[in-house]
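Listed below are the residues making up each chain.
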Amino acid sequence: MRFGDVVGQQETKQGLIRMWEHNQLPHAILITGAEGTGGLPLGLALAQYIMCEHRTETDSCGVCANCTKITRLEHADLHLSFPSTKWKERHPTVSRNYIREFREFVKQTPYGTVYEWLQFIEAENKQGNLSADECNEILERLNLKTYEGGSKVLVMWRPEYLGKEGNKLLKMIEEPPANTFLIFVAEQPEDILATIRSRTQTIKLPPLKTNDIADALIRRSGTDTLQAARVAALAMGSYNRALEYNHSTENDLFEDVRKLFNGLYKNNGVDLTSLSEDWSKKGREQQKFALLYVVHLLENALRHTYLGNQPVNLPQVEADFVSKLVAMHIEAESIAAMVDTITNTIYYIERNAHQKTQMLAMMIRLHYIVQRKEIPV
Ligand SMILES: [Zn+2]
């Protein structure tokens, strides 16, 4: 993994490279960032940068022997540690048992979550952890001489999964062997042992920029510009979420939204019922995405109303639609009530509520709001 393979996070990448060039890269680093911001890819790119034989001032070379091995996650001096479960009875629970699966997982879904990882190794009903055996193995391996003469790097994904056993690593974190770097990648730093947190230097990843997400979707998935802009706007800084939404919306959502508003404002109950049935047949992520998309357009209409003629940062077809909504002089209270209603529906759908009932109930409430009727309680 090169820095160039990591979506966005330009400032952080440059900061890390600067530290490296000034010999100031800490030996124990804690990268923290919410799901989908790229902690693991960045940790791996940093490991590759440290070990590359021909690094430049912007990235690792990607082709030297070290880069080639690290790209495949097969370098003997790169130690990967991640939550896992018992492999076989009487075998220690160590990451090494699942290294082949982990290589494949990172190749397929570098932005994947621990939940997805545990599903990947068919252990989703078990608690993943980083065991005492795993800590012993890390100590043993990092204390060995390097295999290939350069640096040794540990990338530990999600140190939140270390229990008290993690304290075994403290001495190593404080005084790592020569040319050894420890990179921890976390999402919830408050769940990491305080003893580890205080001995590492934290690098916080901000949510990804909308433009960076859209660019990555266009370049890597061949997504068209309009769809990429839509998906990126709703992904809340997470590339993982963007991929999920992108995957779940092949049809043109905008047509559905047009149908929704036509149904609401032209009092067309048949359209609304058929739309609610169509939507409740979709997968949960897809439903969520459709609803978030409507909220996004409504919020833009609200903003447009309050900020006067300021341009709306939307693809043209949607900007036109929002302008039409604004021209209808819908009261701000109505828009806010619609946003509330849809947001509540998302909440219930996320919690596995009966989707058909939820969708229909939502349509009825929206209809009441638009037609300015009292909502029956
Ligand atoms: Zn290289």
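Caption draft 1: Region of interest: the coordination of the zinc ion. Around the zinc ion, the protein supplies Cys52 (SG), Cys61 (SG), Cys64 (SG) and Cys67 (SG) as donor atoms, at distances of 2.3 Å. Sequence positions of the donors to the zinc ion reduce to the motif C-x8-C-x2-C-x2-C. As far as burial versus exposure is concerned, cysteine 61 and cysteine 64 are alike and both buried.

Caption draft 2: Expanded view of helix α12 (residues 253-265). For α12, which comprises 13 residues, the first-to-last C-alpha distance of 19 Å matches the rise-based estimate of 18 Å (1.5 Å per residue) to within 8%. The complete set of buried residues in α12 reads Leu253, Phe254, Asp256, Val257, Leu260, Phe261, Gly263 and Leu264. Buried positions along α12 lie against α10 (225-234), α13 (269-280), α14 (284-306), α15 (316-327), α16 (332-350) and α17 (355-370). Where α12 ends, the next residue or the one after it, asparagine 267, has phi of about 60°, a positive value.

Caption draft 3: View of the sheet that holds strand β3 (residues 152-157). A sheet is described by the order of its strands in space; here five strands give the open sequence β2-β3-β4-β1-β5, paired in parallel fashion. At either margin of the open sheet sits one strand with a lone partner, and together these are β2 (78-81) and β5 (201-204). Each neighbouring strand pair of the sheet contributes to a mean axis angle of 20°, computed without reference to strand direction. When strand β1 (residues 28-32) meets strand β4 (residues 180-186), the two strands line up parallel, connected through five bridges. For isoleucine 29, the partnering residue across the bridge sits in β4 and is isoleucine 183.

Caption draft 4: Seen up close, the packing of aromatic side chains. All told, the structure shown has 17 aromatic pairs when counted by the stated rule. On the basis of an interplanar angle of 85° and a centroid distance of 5.3 Å, the ring pair of phenylalanine 82 and tryptophan 117 is categorised as edge-to-face. Of this pair, phenylalanine 82 sits in the loop between β2 and α4 (99-108) while tryptophan 117 sits in helix α5 (residues 114-120), placing them 35 residues apart in sequence. Members of the aromatic cluster, connected to one another through ring pairs, are Phe82, Phe102, Phe105, Trp117, Phe120 and Trp157. The ring centre of tyrosine 49 lies 5.7 Å from the NZ or CZ of arginine 55, which sits over that ring. Note that arginine 351 overlies the ring of tyrosine 347, its terminal NZ or CZ placed 3.8 Å from the centroid.

Caption draft 5: Main features of the pairing of β2. Across the two faces of β2 the burial is the same, with Leu78 and Leu80 and His79 and Ser81 all buried. Note that β2 and β3 share four bridges and pair parallel. By the bridge assignment for β3, serine 81 is matched with methionine 156.

Caption draft 6: Broad picture of the packing of α14 against α17. Between α14 and α17, the shortest axis-to-axis distance is 12 Å and the interhelical angle comes to 10°. One finds that α14 runs roughly parallel with respect to α17. Facing α14, whose interface residues are Arg284, Gln287 and Leu291, α17 presents Gln355, Met359 and Met362. Here the residues of the contact of α14 with α17 sort into three nonpolar, two polar and one charged.

Caption draft 7: The arrangement of the environment of glutamate 277 in detail. By the secondary structure assignment, glutamate 277 is in helix α13. Given the relative accessible area of 35%, glutamate 277 is considered partly exposed. Separated by 79 residues in sequence, glutamate 277 and lysine 356 place their C-alpha atoms 6.7 Å apart.

Definitions and limits used
- Residues numbered from 1 in each chain as written.
- Predicted model: local features only at pLDDT ≥ 70, side-chain atom pairs only at ≥ 80, totals over all residues.
- Heavy atoms only, no water.
- Donors = N, O, S within 2.8 Å, 3.2 Å for Na, K, Ca; no water.
- Buried < 20%, exposed > 50% of the residue type's maximum accessible area, 1.4 Å probe, protein only.
- Helix = DSSP H or I, 4+ residues; strand = E, 2+ residues; numbered from the N terminus.
- Expected span 1.5 Å × (residues − 1).
- Contact = heavy atoms within 4.5 Å.
- Pairing = 2+ DSSP bridges.
- Axes fitted to C-alpha atoms, helices over the stretch in contact; angles between N-to-C directions.
- Phe/Tyr/Trp six-rings, centres within 6.5 Å; stacked < 30°, edge-to-face > 60°.
- Lys NZ or Arg CZ within 6 Å of the ring centre and 35° of its normal.
- Parallel < 35°, antiparallel > 145°, perpendicular 65-115°, else oblique.
- Nonpolar A, V, L, I, M, F, W, Y, C, P; charged D, E, K, R; others polar.

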